[in-house]
Amino acid sequence: MNSIIEMFSYSFMVRAFIVGILISLCASLIGVSLVLRRNSMIGDGLSHVSFGAFAIATILGFAPLEFATPIVIIVSFFILKLNNNSKIHGDSAIALISASSLAIGTFAISVTKGVNTDINSYLFGSILSINRTDLIISIILSILVMLLYIISYHKIFAITFDEDFAKSIGINTDLYNMIFASLCSITVVLGMRLMGSLLISSLIIFPTLSSMQIFKNFKSVVISSVFISIISFIIGLVISFIYATPTGATIVIMNLIVFMIFKVISYLK
């Protein structure tokens with residue numbers, strides 16, 4: 001208990017806690033539809049795009065969050081466009097964008113002189129990199145993601161299970177796919193500072209997979225995913241602080257443990 005009290009005496013830990021809760025909430029909401037649509041690797045692809053955008057922003061002296069967010073949103077639209085291309089489908093489109101962005105970011109950092117950049121903080125996250133400006137931007141964008149998700153909930157539900165049917169009943173599927181892609185992009189960019197480009201996609205996927213082991217109803221999976229994501233984050237952050245372990249990796253391991261527990265429960269049912 002003393003360690004937890006001490007943890008909140010540090011301003012950077014308070015910022016990490018607030019941002020982490022918001023990211024966990026947004027990621028779990030987005031993750032359900034991504035997993036059910038078998039598009040879970042989009043999160044991984046966009047995280048690599050974020051890495052490239054963050055690297056370029058650092059080199060050019062721009063604010064990473066403000067610079068990366070519109071770029072990742074535009075790329076998410078580009079991925080949707082490639083998915084509709086008869087020659088490049090699904091995973092191939094994501095792999096194309098993902099590998100290219102990761103290579104561009106790594107190359108840009110390696111050849112730039114006079115820029116002090118810790119590439120590990122981009123790859124694996126760093127709670128020390130979350131400043132007051134990032135906190136404010138994260139709160140605003142997270143609220144935006146949650147509001148848009150709630151407003152578009154029924155439309156997202158429809159296109160998640162049957163996009164052709166949704167289109168037949170008059171839903172503008174192109175518009176809502178773009179909205180959903182934007183929500184996913186914002187969530188990934190926000191999570192980059194805390195989790196890193198190599199780990200943020202796990203925050204999107206794990207809570208949903210854990211929930212689906214027990215719950216079968218869409219709304220139940222969404223609610224359960226939110227609780228799992230937030231609890232796993234809080235426990236992971238506390239353990240990370242007490243034992244000085246990497247924050248992002250510890251949170252992912254907690255999500256993995258929860259998944260294994262839920263998997264065992266599903267076998268016992």
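Note that the structure is a prediction, hence the values are computed from the model and not measured. (Residues numbered from 1 in each chain as written. Predicted model: local features only at pLDDT ≥ 70, side-chain atom pairs only at ≥ 80, totals over all residues. Heavy atoms only, no water.)

What follows deals with the packing of aromatic side chains. Here the structure, examined in full by the defined rule, presents 11 aromatic pairs. Geometrically, the ring pair formed by F157 and F218 is edge-to-face, given 5.0 Å between the ring centres and 75° between the ring planes. Of this pair, F157 sits in helix α8 (residues 153-161) while F218 sits in helix α12 (residues 218-243), and the two are 61 residues apart along the sequence. A connected cluster of aromatic rings, assembled from ring pairs, spans Y149, Y153, F157, F161 and F218. (Phe/Tyr/Trp six-rings, centres within 6.5 Å; stacked < 30°, edge-to-face > 60°. Helix = DSSP H or I, 4+ residues; strand = E, 2+ residues; numbered from the N terminus.)

This part takes up a nonpolar patch on the surface. On the surface, I18, I139, I143, L147 and I151 cluster together into a nonpolar patch covering about 440 Å² of accessible area. Broken down by element, the nonpolar patch gets its largest block of residues, four residues, from helix α7 (residues 132-151). By the secondary structure assignment, I151 is in helix α7. Here I151 falls in the exposed class, since its relative accessible area comes to 67%. (Patch = residues over 30% accessible without salt bridge, like charges linked within 9 Å, V, L, I, M, F, W, Y side chains within 5 Å. Areas by Shrake-Rupley, 256 points an atom, 1.4 Å probe, with all protein chains shown as cover. Salt bridge = Lys/Arg side-chain N within 4 Å of Asp/Glu carboxyl O. Buried < 20%, exposed > 50% of the residue type's maximum accessible area, 1.4 Å probe, protein only.)

This paragraph deals with α7. Compared with an ideal rise of 1.5 Å per residue, which puts 20 residues at 28 Å, α7 spans 29 Å between its outermost C-alpha atoms and is within 8% of the ideal. Looking at α7, one finds that the buried residues are D134, L135, I137, S138, L141, S142, V145, M146 and Y149. Buried positions in α7, seen along its axis, are confined to an arc of 165° and lie on one side of it. Exposed and facing more than 90 degrees away from the buried side of α7 are R132, I140, I150 and I151. Its side-chain oxygen placed 3.1 Å from the backbone nitrogen of T133, N131 serves as the N-cap of α7. (Expected span 1.5 Å × (residues − 1). Arc of directions from axis to C-beta. Polar contact = N/O pair within 3.5 Å; in protein donor to acceptor, adjacent residues only side chain to side chain.)

Here the focus is the packing of helix α2 (residues 11-36) against helix α10 (residues 173-195). At a minimum axis separation of 9 Å, α2 and α10 run at an interaxial angle of 145°. Two packed elements cross with a definite hand, and for α2 against α10 that hand is left-handed. Contacts between α2 and α10 involve A16, G20, I23, C26, A27, I30, S33 and L34 from the former and F180, L183, C184, T187, L190, G191 and L194 from the latter. Looking at the contact of α2 with α10 residue by residue, the classes come out as 11 nonpolar, four polar and no charged. (Axes fitted to C-alpha atoms, helices over the stretch in contact; angles between N-to-C directions. Left-handed = near helix turned anticlockwise from the far one by under 90°. Contact = heavy atoms within 4.5 Å. Nonpolar A, V, L, I, M, F, W, Y, C, P; charged D, E, K, R; others polar.)

Below, the discussion takes up unusual backbone geometry. Look at A244: it is not a glycine, yet its phi comes out positive at around 55°. The topology assignment puts A244 in the loop between α12 and α13 (247-268). For A244, a relative accessible area of 67% translates into the label exposed.

Let's shift gears to the pattern of salt bridges. One pass over the full model with this rule turns up one salt bridge. The shortest N-O distance in the salt bridge between E163 and R37 comes to 3.4 Å. Here the residue E163 occupies a position in helix α9 (residues 163-168), and R37 occupies one in the loop between α2 and α3 (41-60), the gap between them amounting to 126 residues. Overall, R37 belongs to the buried group, its relative accessible area being 19%.

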